[in-house]
Amino acid sequence: MPKGRPNSMNNYGVLLNELGMDESFITPLREKYLRPITALLYPDLGGACLDSHKAFVVKYSLHEDLDLSSHYDNAEVTLNVSLGKDFTEGNLYFGDFRQEVEHVETQGLLHRGGQIHGALPIASGERWNLIIWMRSSAIRNQLCPMCNQKPQLVEAEGFGDGFTETCEEDVPETVDLCS
Ligand SMILES: O=C(O)CCC(=O)C(=O)O
Ligand SMILES: [Fe+2]
């Protein structure tokens, strides 16, 4: 069976669309459960209209990939869920100062796709994570987040890179969570 790589830096992951898990699992999860949260937290990134995704599982182990270098995602908002298994070290980090976050098994962490981040090397065991790169066509149709240019739209399979669909709702105004 032909197998794509989740991203250019990870060699041992699995794309969930190749396992037929988009319609049955990831799309309903994004639409019903994640979007209400992202609408509140990320109004400036089109959090209310994240209308496509790329979902994959990444794997780190001692004789395979140990870590993930600093990067930003091809996503407006990313969900990263720690699936275990048993491992030591391997914290996630964010920003130029490499602010570390201990990622607890079964817990999910939402972050801006454009926020620089990476994963430190594991010292033992296996580390598996479910990653959902969520995209808003309303945002990226204006400017590609990877090259900062107006995108040239071409036909793509599945969700492609998330550019084409139009959002039914308007991008909401900024919500002041403190008031
Ligand atoms: O391994 C992780 O926790 C981070 C993975 C990641 O940032 C990515 O695949 O974009
Ligand atoms: Fe990432």
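In this text, all values refer to a predicted model and were calculated from it rather than measured experimentally. (Residues numbered from 1 in each chain as written. Chains lettered and ligands numbered in written order. Predicted model: local features only at pLDDT ≥ 70, side-chain atom pairs only at ≥ 80, totals over all residues. Heavy atoms only, no water.)

Draft legend 1. Spatial organisation of the UniProt feature "domain: Fe2OG dioxygenase" (unreviewed entry) in the protein. As recorded in UniProt, the feature "domain: Fe2OG dioxygenase" (unreviewed entry) lies at residues 51–136. Note that residues 51–136 is 0% helix and 59% strand, and that its end C-alpha atoms are spaced 6 Å apart. (UniProt positions renumbered as here; feature names shortened; annotations may be inferred. Helix = DSSP H or I, 4+ residues; strand = E, 2+ residues; numbered from the N terminus.)

Draft legend 2. How the structure looks around the site of ligand 1. Around ligand 1, 15 residues are found, and the nearest of them are Tyr 60, Asp 73, Asn 80, His 117 and Arg 127. One of the side-chain N or O atoms of Tyr 60 is found 2.5 Å from an oxygen atom in ligand 1. Trp 133 has a polar side-chain atom sitting 3.3 Å from an oxygen atom of ligand 1. In isolation ligand 1 has 290 Å² of accessible area, and contact with the protein removes 99% of it. Mapping ligand 1 onto the cavity grids shows that it belongs to the largest cavity. Residue assignment for the shell around ligand 1 shows that the elements contributing at least two residues are β2 (52–61), β3 (68–71), β9 (117–119) and β10 (122–135). The residue makeup of the shell around ligand 1, split by class, is 8 nonpolar, 5 polar and 2 charged. (Near = heavy atom within 4 Å. Polar contact = N/O pair within 3.5 Å; in protein donor to acceptor, adjacent residues only side chain to side chain. Areas by Shrake-Rupley, 256 points an atom, 1.4 Å probe, with all protein chains shown as cover. 1 Å grid on protein atoms, 1.4 Å probe; cavity = no way out; pocket = protein on both sides within 12 Å on 5 of 7 lines; lining within 4 Å. Sits in = over half its atoms within 2 Å of the grid points. Nonpolar A, V, L, I, M, F, W, Y, C, P; charged D, E, K, R; others polar.)

Draft legend 3. View of the nonpolar core. Counting 15 residues, the largest nonpolar core has Leu 16, Leu 34, Val 77, Leu 79, Leu 130, Ile 132 and Met 134 as its most contacted members. Those elements that provide at least two residues to this core are α1 (22–41), β2, β4 (77–82) and β10. Setting aside residues no more than four positions away along its own chain, Leu 16 makes contact with Met 21, Asp 22, Ile 26, Ala 55, Phe 56, Val 57 and Leu 130. In terms of nonpolar packing, the next biggest core, distinct from the first, is built from 10 residues, Ala 75, Ala 119, Ile 122 and Trp 133 among them. (Core = buried A, V, L, I, M, F, W, Y, C linked by side-chain atoms within 4.5 Å. Buried < 20%, exposed > 50% of the residue type's maximum accessible area, 1.4 Å probe, protein only. Contact = heavy atoms within 4.5 Å.)

Draft legend 4. Structural view of empty space enclosed by the protein. Following the criterion strictly, the structure yields 1 cavity of 30 Å³ or more and no others. Taken as a whole, the largest cavity encloses approximately 140 Å³ of empty space. Together, 16 residues line the largest cavity, and Leu 68, His 71, Asn 80, His 117 and Ile 131 are the ones closest to its centre. Looking at the lining of the largest cavity, the elements with two or more residues in it are β2, β3, β4, β9 and β10. The residue inventory of the lining of the largest cavity, partitioned by class, reads 8 nonpolar, 6 polar and 2 charged. (Points joined across faces, edges and corners; volume = space filled by probe spheres on them.)

Draft legend 5. Local environment of the packing of aromatic side chains. What the rule picks out here adds up to 1 aromatic pair. When the centroid spacing of 5.2 Å and the interplanar angle of 85 degrees are considered together, the rings of Phe 56 and Trp 133 count as edge-to-face. Highlighted residues: Phe 56 in strand β2 and Trp 133 in strand β10, separated in sequence by 77 residues. As far as the burial class goes, Phe 56 and Trp 133 line up, both buried. (Phe/Tyr/Trp six-rings, centres within 6.5 Å; stacked < 30°, edge-to-face > 60°.)

Draft legend 6. Quick look at the coordination of the iron ion (ligand 2). The iron ion (ligand 2) binds to the protein through His 71 (NE2), Asp 73 (OD) and His 117 (NE2); the donor distances cover 2.1 Å. Coordination of the iron ion (ligand 2) draws on donor residues from a single chain, spaced H-x1-D-x43-H in sequence. For His 71, a relative accessible area of 12% corresponds to the buried category. The class of Asp 73 is buried, set by a relative accessible area of 2%. (Donors = N, O, S within 2.8 Å, 3.2 Å for Na, K, Ca; no water.)

Draft legend 7. Just the pattern of salt bridges, in detail. By the definition in use, this model includes 5 salt bridges. For Lys 59, the salt bridge identified is with Glu 64, shortest N-O distance 2.9 Å. Relative accessible area serves as the criterion here: at 15%, Lys 59 is assigned to the buried category. The class of Glu 64 is partly exposed, set by a relative accessible area of 29%. A salt bridge links Glu 126 to Lys 85; its shortest N-O distance comes to 4.0 Å. Here the residue Glu 126 occupies a position in strand β10, and Lys 85 occupies one in the loop between β4 and β5 (87–89), the gap between them amounting to 41 residues. For Glu 126, a relative accessible area of 27% corresponds to the partly exposed category. (Salt bridge = Lys/Arg side-chain N within 4 Å of Asp/Glu carboxyl O.)

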